[in-house]
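What follows is the residue order along each chain.
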Amino acid sequence: MTTRSITDRLGGLAFGGDYNPEQWDEAVWKEDDELMRRARVNLATVGVFSWALLEPEEGRYEFGWLDAHIERLHANGVALDLATPTASPPPWFTLAHPDALPVTPEGTRLVHGSRDTYCLAAPAYRRAARRIAAALAERYGDHPALAMWHVHNEYATLCHCDHTAAGFRVWLRARHGSLDALNEAWGTAFWSQRYSSWEQVLPPRATQWHKNPGQAVDFRRYWSDEVIASCCEQRDAIRAHSDRPVTTNLMLPAYQHVDLWAIARELDVVSSDQYPTSPGLGAAADVAVHADRTRSLAGGRPWLLMEQGTNTVYAGDRVLGKEPGEMLRHSLGHIARGSEGALFFQWRQSRAGAETWHSAMVPHAGPESRIFREVTQLGAAVGRLGELAGSTVSASVAVLDDPDAWWALGVDGLPSARLDYHGALLRAHRTLWEAGVGVDFAHPEQELGGYSLVVAPALFLLTDRGAQNLRRYVAGGGTLLVQHATGLVDERLQARPGGWPPKPLREALGVRGEEYRPLAQEELVTLSDGSHGTDWSERVHTEGAQAVVTYTHGMLAEGPALTRHRSGDGQGWYLSTRLDDTAYAALMARLLAEAGVEPEVPGLPAGVEGVVRRAADGRRWTFVLNHTDEAVPLPDPGHDLLTDAVAHELPPGGCVVLRGH
Ligand code: GAL
């Protein structure tokens, strides 16, 4: 099942958002109907936070109110993305099942009063979640308004309770087989941590000092499997009664304690939520990386932007505003990269409650507002893009992404606090985005042969299989850039004897790392081409590679900082420090040129992005988004779907979707 069954039902791309009618009364519902028609809303996500109304006491369901809203939406031409409400159990659940509440590493048991207050490993929670998912599916599974199912909401919690401890032990037995093997894997010979019975093994709760790294990462893996099992139970309960596609809204990049590759494989349709964390061009880059990552999780197939904000979103110490035009540019940034629509959290801004100040399609000010006017313009724009449904996006560059490597850089006692997994991935993506090339994310163990350039920014943990895969990729003609501190540990978090990276990759790169020299916060190392490195440096030996740039000072002087190596039909590059931005961009430009990778849409100035979607029958659509304040002539004018006219120029902040180019 794919997004096609959704877009076919909607007759085009999806437009709408979370709809929480239980916050309002009849007069507002009437206005909602009228405003949804005006904005051309065709999909509403309903029920995400409705558990307390749907099941006011354990086992007693009240569906009448939901029936009425579904019929109203259906009559108004709005299809349904029906959610299971399991991200927010009601207060009665807490009182009936205190053992199902989450416990922090410090041992504090949380209580209701917010949301997401449950332990995914608690049998009572899992039973209750399956039951309400099945009840909803039984009642609404073949409703003509139903386009898709939305399991839960952004699985993101962690728990350290006794249920979790029990689940962790079962998982560890399956992974390691015996207690001896677990002791060996975790290196418990050190600090007298040896376990002599399974009951002694705990989740990584608060400890006096560093936690055991093997225990910490195994716990992440266990928890991820628990999250996925929980999601699949609901999916299966739904599938027993309904043939509509099932999703859960993912959240990227670092919010969720879950292996996103693994959970995405279990979903009929991959969807995700995106909220920028910086203004201006930074927000556009956030959109691009989010969309490229979600598409990659979907295996390159179309996906769905489930949530974004129309305007203000939480960002650090304030809500972050969107400028006029940004809502359209951000939405098109997602659609350009494979989203089959643009959905929001939420339809109408709450008058009360925890998210009163989160923006919505209908703001507190009402429909006479800039935001609602932009919403209606966006609805019209999305409505003109129906012919794109099912088309895809391809990329010739991949950035490697492995949750194990992320979790490995989250353990205690690392050689530097500046080994930042997501920071390194975002930087690599941003640099490639600024070069205008299409980027996928890929797992280090997956087939990479289709990519001209592969970048490994942060694989501190790298398995032998991954290393062999990368060697194969280079031998087969690929260009590979591996960055500092790669492969220092294996999947057990154990250091590799003899240096890094692991042997097969060393052959592809022609280097061996011997000694790491992490740098202080503001410290710079100067390099022979005038650039500099920060954060980290290494003593590296060439074993066949050519030193392209060397360190110039201190104990590393004359040692290689950047190397290249011809191996088989390809090129392996190794960078042993964190290059300054200009030098990093120049290195990427050089690698792209050598690998023969062109910008997606050549001839665009900085701040203007171009992305192409292609259909299997050869049709193509070129998105050009102008993030600058200047008008920009189009290098290749064409018929713009948004205006249904030939476009020659982009106004400041403007966008086009050109057919057939
Ligand atoms: C999302 C979440 C929504 C809402 C939104 C606010 O992550 O799914 O329920 O809380 O954030 O930004």
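Residues numbered from 1 in each chain as written. Predicted model: local features only at pLDDT ≥ 70, side-chain atom pairs only at ≥ 80, totals over all residues. Heavy atoms only, no water.

Bringing the site of the ligand into the picture now. Looking at the ligand, the residues that line it are Phe 49, Arg 115, Asn 153, Glu 154, Asp 273, Tyr 275, Glu 307, Phe 345, Glu 355 and His 358. In the model, an oxygen atom of the ligand is placed 2.9 Å from a nitrogen or oxygen of the Asn 153 side chain. Contact between the ligand and His 358: an oxygen atom at 2.7 Å from a side-chain N or O atom of the residue. The class makeup of the residues in the shell around the ligand is three nonpolar, two polar and five charged. (Near = heavy atom within 4 Å. Polar contact = N/O pair within 3.5 Å; in protein donor to acceptor, adjacent residues only side chain to side chain. Nonpolar A, V, L, I, M, F, W, Y, C, P; charged D, E, K, R; others polar.)

A few words now on the domain arrangement of the protein chain. When its domains are assigned, the protein chain resolves into domain 1 (3-158 + 241-388), domain 2 (397-595) and domain 3 (608-660). Placing a centre on the C-alpha atoms of domain 1 and another on those of domain 2 gives a separation of 37 Å. Each partner contributes residues to the interface: domain 1 has 18 residues there, and domain 2 has 16 residues. A buried area of about 1,500 Å², summed over both sides, lies between domain 1 and domain 2, and 63% of it is on carbon and sulfur atoms. In terms of surface lost to domain 2, no three residues of domain 1 exceed Trp 261, Val 289 and Arg 293, which account for 39% of the buried area on that side. Scanning the region where domain 1 abuts domain 2 turns up two salt bridges. Note that Asp 440 is salt-bridged to Arg 295, the shortest N-O span being 2.8 Å. Linking domain 1 to domain 2 there are six residue pairs in polar contact (both at pLDDT 80 or more). When residues in the side of domain 1 that touches domain 2 are grouped by element, the largest group, 10 residues, is from helix 11 (residues 280-297). Of the residues contributing to the side of domain 1 that touches domain 2, the split by class is nine nonpolar, four polar and five charged. (Domains from an automatic or database assignment. Contact = heavy atoms within 4.5 Å. Buried area = accessible area lost by both parts, 1.4 Å probe. Salt bridge = Lys/Arg side-chain N within 4 Å of Asp/Glu carboxyl O. Helix = DSSP H or I, 4+ residues; strand = E, 2+ residues; numbered from the N terminus.)

Further remarks concern the pairing of strand 15 (residues 479-483). Where burial is concerned, most of strand 15 is hidden: five out of the five residues are buried. Burial of the side chains of strand 15 extends over both faces: Thr 479, Leu 481 and Gln 483 are buried on one face and Leu 480 and Val 482 on the other. At this point the chain moves from strand 14 (residues 453-456), through helix 16 (residues 464-475), to the parallel strand 15, and the crossover so formed is right-handed. The pairing of strand 15 with strand 22 (residues 570-575) spans five bridges and is parallel. (Buried < 20%, exposed > 50% of the residue type's maximum accessible area, 1.4 Å probe, protein only. Right-handed = clockwise from strand over helix to strand, strands pointing away. Pairing = 2+ DSSP bridges.)

Time to look at the packing of aromatic side chains. This structure, assessed with the given rule, holds 21 aromatic pairs. Measuring from centroid to centroid gives 6.1 Å for Trp 92 and Phe 93, while their planes differ by 65°, and the two rings are edge-to-face. By relative accessible area, Phe 93 is classed as buried at 0%. Centre to centre, the rings of Phe 168 and Phe 219 are 5.3 Å apart; their planes meet at 85°, and the pair counts as edge-to-face. With Phe 168 in helix 7 (residues 162-176) and Phe 219 in helix 9 (residues 213-239), this pair connects stretches of sequence that are 51 residues apart. Among the residues examined, Phe 168 registers a relative accessible area of 0% and is labelled buried. The class of Phe 219 is buried, set by a relative accessible area of 2%. An aromatic cluster is defined as three or more aromatic residues linked by ring pairs; in this entry it consists of Phe 168, Trp 186, Tyr 195, Phe 219, Tyr 222 and Trp 223. The positively charged end of Arg 293 is found above the aromatic ring belonging to Phe 441, 5.2 Å away from the centroid. Seen from the ring of Trp 24, Arg 348 lies directly overhead, with NZ or CZ sitting 5.6 Å from the centre. (Phe/Tyr/Trp six-rings, centres within 6.5 Å; stacked < 30°, edge-to-face > 60°. Lys NZ or Arg CZ within 6 Å of the ring centre and 35° of its normal.)

A few words on unusual backbone geometry. Following Phe 345, the chain continues into Gln 346 via a peptide bond in cis, with omega recorded as -10°. With respect to the helices, strands and loops of the structure, Gln 346 is situated in the loop between strand 11 (339-344) and helix 13 (370-383). The residue after Trp 500, namely Pro 501, is reached through a cis peptide bond having omega -15°. Here Pro 501 is to be found in the loop between strand 15 and helix 17 (503-509).

Before going further, it helps to spend a moment on the packing of helix 11 against helix 15 (residues 421-434). At a minimum axis separation of 10 Å, helix 11 and helix 15 run at an interaxial angle of 105°. Of the possible angle classes, the one that applies to helix 11 and helix 15 is roughly perpendicular. Contacts from Leu 281, Gly 282, Ala 284, Ala 285, Ala 288, Val 289, Asp 292 and Arg 293 of helix 11 reach helix 15 at His 422, Leu 425, Leu 426, His 429, Arg 430 and Trp 433. Partitioning the contact of helix 11 with helix 15 into residue classes produces eight nonpolar, three polar and three charged. (Axes fitted to C-alpha atoms, helices over the stretch in contact; angles between N-to-C directions. Parallel < 35°, antiparallel > 145°, perpendicular 65-115°, else oblique.)

Here we take up the sheet that holds strand 23 (residues 578-579). An order of 17-18-23 is seen for the three strands of this open sheet, with the pairing classed as antiparallel. A strand with exactly one partner marks an edge of an open sheet, and here the two such strands are strand 17 (524-526) and strand 23. Sheet topology places strand 17 next to strand 18 (residues 532-534); three bridges connect them, and they run antiparallel. Its bridge partner lying in strand 18, Val 525 is registered against Gly 533.

This part is about the state of the cysteines. Among covalent bonds in proteins, the disulfide is the one between the sulfur atoms of two cysteines. Tallied over the full model, the rule gives zero disulfides. Cys 161 takes part in no disulfide bond, and the closest cysteine sulfur, belonging to Cys 159, lies 3.6 Å away. The exposure class of Cys 161 is buried, given its relative accessible area of 2%. Its sulfur unpaired, Cys 232 is 5.5 Å from the next cysteine sulfur, which belongs to Cys 231. Residue classification places Cys 232 among the buried positions, given a relative accessible area of 11%. (Disulfide = S-S within 2.5 Å.)

Pairing within the open sheet is parallel, and its nine strands lie in the order 5-4-3-2-1-11-8-7-6. Looking at the sheet topology across the chains shown, the edges are occupied by strand 5 (246-247) and strand 6 (249-251). Across three bridges, the pairing between strand 6 and strand 7 (residues 271-273) is parallel. The partner of Leu 250 across the bridge, within strand 7, is Ser 272. Most of the contacts of helix 6 (residues 123-140) go to strand 4 (residues 146-150), to which it runs at about 175°, and overall it touches strand 3 (79-83) and strand 4.

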